[in-house]
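Coordinate inspection notes
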Amino acid sequence: MSRLGTIGGRLHRGEISLNFVGRQKLWYSISGLILVISVISLLTLGLNFGVEFKGGTVFQFPSKPGTTTSDARSAVEASGVVKEDPIVQKTGTGWRVQTESLTSAQVTKVQETVQHRFGLPKPDDVSPQSVGASWGKDISKKALQGLVIFLIAIIIYLSIAFEWRMAVAALIALAHDILITIGVYSLVQFEVTPSSVVGLLTILGYSLYDTVVVFDKVRENTRPLLTTKSMTYSQAANLGLNQTLVRSINTSVIALLPVAGLLFIGAGVMGAGTLKDLALVLFVGMLAGAYSSICIATPILADLQERQQKYRELAQKVRSKAGSAKRKSRAANAESPAKAADDGPESEPQDTVPGEETTDATTPVGAGIRLVQQGPRQQPRRTGSKGHPSGKKKR
């Protein structure tokens, strides 16, 4: 069996345990810091909405060897009709430049300038596309409606399948993942496109799936607690979290590997800029979802449950039982040395004359055996022929 499989088995049996629930203040502090950074970035930098949301004109044209992003940007700006800074993306073998909304005459001017700068055969090699801002507003509205319907359905399902406290904990973790993902988009200033919205809706399901798997095990462990009184709710929840930890890690790693390939290899190495919008939201969202299902959702659930009177009384009984066991253990440890001191050291055997024999006799005492050590045998005195001690005959 692999090392990870061995660790997973020991975690499931409770032989080893990582105290995630007991360190909730640490996880809350880490998440709070990330969320504060995300909110500050959203308030200061904002989001870089794509042409689909704010409207504009997009020019796509092939690249020639040795050209850079600056060359493509300067070629469009040289037309003299672009007032805002264009957004330039590398798209495989060409360039994609986004500008504000332009008129037909201005579009023609940009085409002719780029053709001249890049040495293209004809102006039609620069392909323009104009998008109105109303289309982006419709997309945003539909995405928001879908998100609200999704959240309502999740609340209803979790409240019926589990309980409302689990639904609240899952939704808090979900909002945590969404805000972190949007904050990262703001920090790196990636363009927000319809692909980004699709990816955001995708990670909602992934995050909830991982959380529901953990909650199902927590429910199984906490169901008999009030009867057995063997551990607190937090301890049972932490046990369930450890029992599903390896599964959560394996699921997250397997899901993140292909997404990382899209983001770092497809968009980073191969220059497929159209992939990075979808890849970034999936990568950050899945990573945040794996973290929140372990370090945020379950600790929040434990905190909500420990507020109930029955679980407060259970925790008090468990602590009282643990304290009584410790006191008994200390008393037993203190009694053992005192008893050994009262018994005293064992008596040393008496010295014997070399060549003399000693014998040991065993005598039953109660339920045990007592060793009784006899002294050395005395040798008979020598006597004479008549038995006189001097050995001389009496005259």
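Residues numbered from 1 in each chain as written. Predicted model: local features only at pLDDT ≥ 70, side-chain atom pairs only at ≥ 80, totals over all residues. Heavy atoms only, no water.

Using the following cut-off: UniProt positions are given in the numbering used here, feature names are shortened, and annotations may be inferred rather than shown by experiment.
Per an unreviewed UniProt entry, the protein chain goes by Protein-export membrane protein SecF and derives from Actinoallomurus oryzae. Taken from UniProt, the Subunit (unreviewed entry) comment for the protein chain reads in full: "Forms a complex with SecD. Part of the essential Sec protein translocation apparatus which comprises SecA, SecYEG and auxiliary proteins SecDF. Other proteins may also be involved." Looking at the Subcellular location (unreviewed entry) heading of the UniProt record, one finds this comment for the protein chain: "Cell membrane".

**Thoughts on unusual backbone geometry**
Short version of the rule: Under the DSSP-based scheme used, a helix requires at least four consecutive residues in state H or I and a strand at least two consecutive residues in state E, with every element numbered from the N terminus. Accessible area is worked out with a 1.4 Å probe on protein chains only. A residue is then buried under 20% of its type maximum, exposed over 50%, and partly exposed in between.
At Q189, a residue that is not glycine, the phi angle is positive and equals roughly 60°. Structurally, the position occupied by Q189 is in the loop between α7 (164-188) and β6 (191-192). Q189 sits in the partly exposed class, given a relative accessible area of 32%.

**Looking at the nonpolar core**
For clarity, the threshold we go by: Among the buried residues, those of types Ala, Val, Leu, Ile, Met, Phe, Trp, Tyr and Cys that are joined through side-chain atoms within 4.5 Å form a nonpolar core. Contacts between residues were defined by any pair of non-hydrogen atoms, one from each residue, lying within 4.5 Å.
With 57 residues, the main nonpolar core has F20, F215, Y233, M286 and L301 as its most contacted residues. Listing elements by their share of this core, those giving two or more residues are α6 (133-161), α7, α8 (194-222), α10 (233-243), α11 (245-269), α12 (273-295), α13 (297-305) and α14 (309-343). Counting residues per element, this core draws most heavily on α12, which supplies 10 residues. Setting aside residues up to four positions removed in sequence, M286 forms contacts with I203, Y206, A255, L256 and V259. V97, V110, F118 and L120 belong to the second largest nonpolar core, which has 17 residues in total.

**Description of the packing of helix α2 (residues 24-44) against α7**
Heads up, the rule is: The angle between two axes is taken between their N-to-C directions and runs from 0 to 180 degrees, where each axis is a line fitted to C-alpha atoms and a helix contributes only its stretch in contact. Here the word oblique covers every angle except those under 35 degrees (roughly parallel), over 145 (roughly antiparallel) and from 65 to 115 (roughly perpendicular). For any pair of crossing helices, the crossing counts as left-handed if the nearer helix is rotated counterclockwise from the farther one by less than a right angle, and right-handed if it is rotated clockwise. Gly is placed with the polar residues, together with every amino acid not listed as nonpolar (Ala, Val, Leu, Ile, Met, Phe, Trp, Tyr, Cys and Pro) or charged (Asp, Glu, Lys and Arg).
Between α2 and α7, whose axes approach to 8 Å, the crossing angle comes to 50°. Considered as vectors, α2 and α7 are oriented oblique to each other. Seen along the crossing, α2 lies across α7 with a hand that is left-handed. On the side of α2, the interface is formed by S31, I34, L35, I37, S38, V39, S41 and L42, while α7 contributes H176, L179, I180, I182, G183, S186 and L187. Split into classes, the residues belonging to the contact of α2 with α7 amount to nine nonpolar, six polar and no charged.

**Let's talk about a nonpolar patch on the surface**
Quick reminder of the rule: Exposure above 30% relative accessible area and the lack of any salt bridge qualify a residue for a patch; like charges then connect within 9 Å, and the nonpolar side chains Val, Leu, Ile, Met, Phe, Trp and Tyr within 5 Å. Method for areas: the Shrake-Rupley scheme with a 1.4 Å probe, in which residue coverage is limited to the protein chains shown. Counted as salt bridges are all cases of a side-chain nitrogen of Lys or Arg within 4 Å of a carboxyl oxygen of Asp or Glu.
There is a patch of nonpolar side chains on the surface, built from L33, I37, L45, L187 and V188 and spanning about 450 Å² of accessible area. Those elements giving two or more residues to the nonpolar patch turn out to be α2 and α7. Judged by its relative accessible area of 41%, V188 is partly exposed.

**Some words on the pairing of strand β4 (residues 94-99)**
Stated precisely, the cut-off is as follows: Should DSSP find at least two bridges between two strands, the strands are regarded as paired.
Counting buried residues in β4 gives six out of six residues, a clear majority hidden from the surface. Burial of the side chains of β4 extends over both faces: G94, R96 and Q98 are buried on one face and W95, V97 and T99 on the other. Summarising the sheet, strand β2 (residues 56-62) and β4 pair through six bridges and their orientation is antiparallel. If you follow F59 over to β4, its bridge partner there is V97. Across five bridges, the pairing between strand β3 (residues 87-91) and β4 is antiparallel. Note on β4: the bridge partner recorded for V88 is V97.

**Let's talk about the side chain of R165**
Counting through the fold element by element, R165 comes out in helix α7. With relative accessibility at 17%, the residue R165 sits in the buried group. Ignoring sequence-local partners within four residues, the contact set of R165 consists of L301, L304, Q305 and Q308.

**Description of the pattern of salt bridges**
Taken as a whole, this structure holds four salt bridges when the rule is applied. Between E163 and R165 there is a salt bridge, and its shortest N-O distance comes to 3.5 Å.

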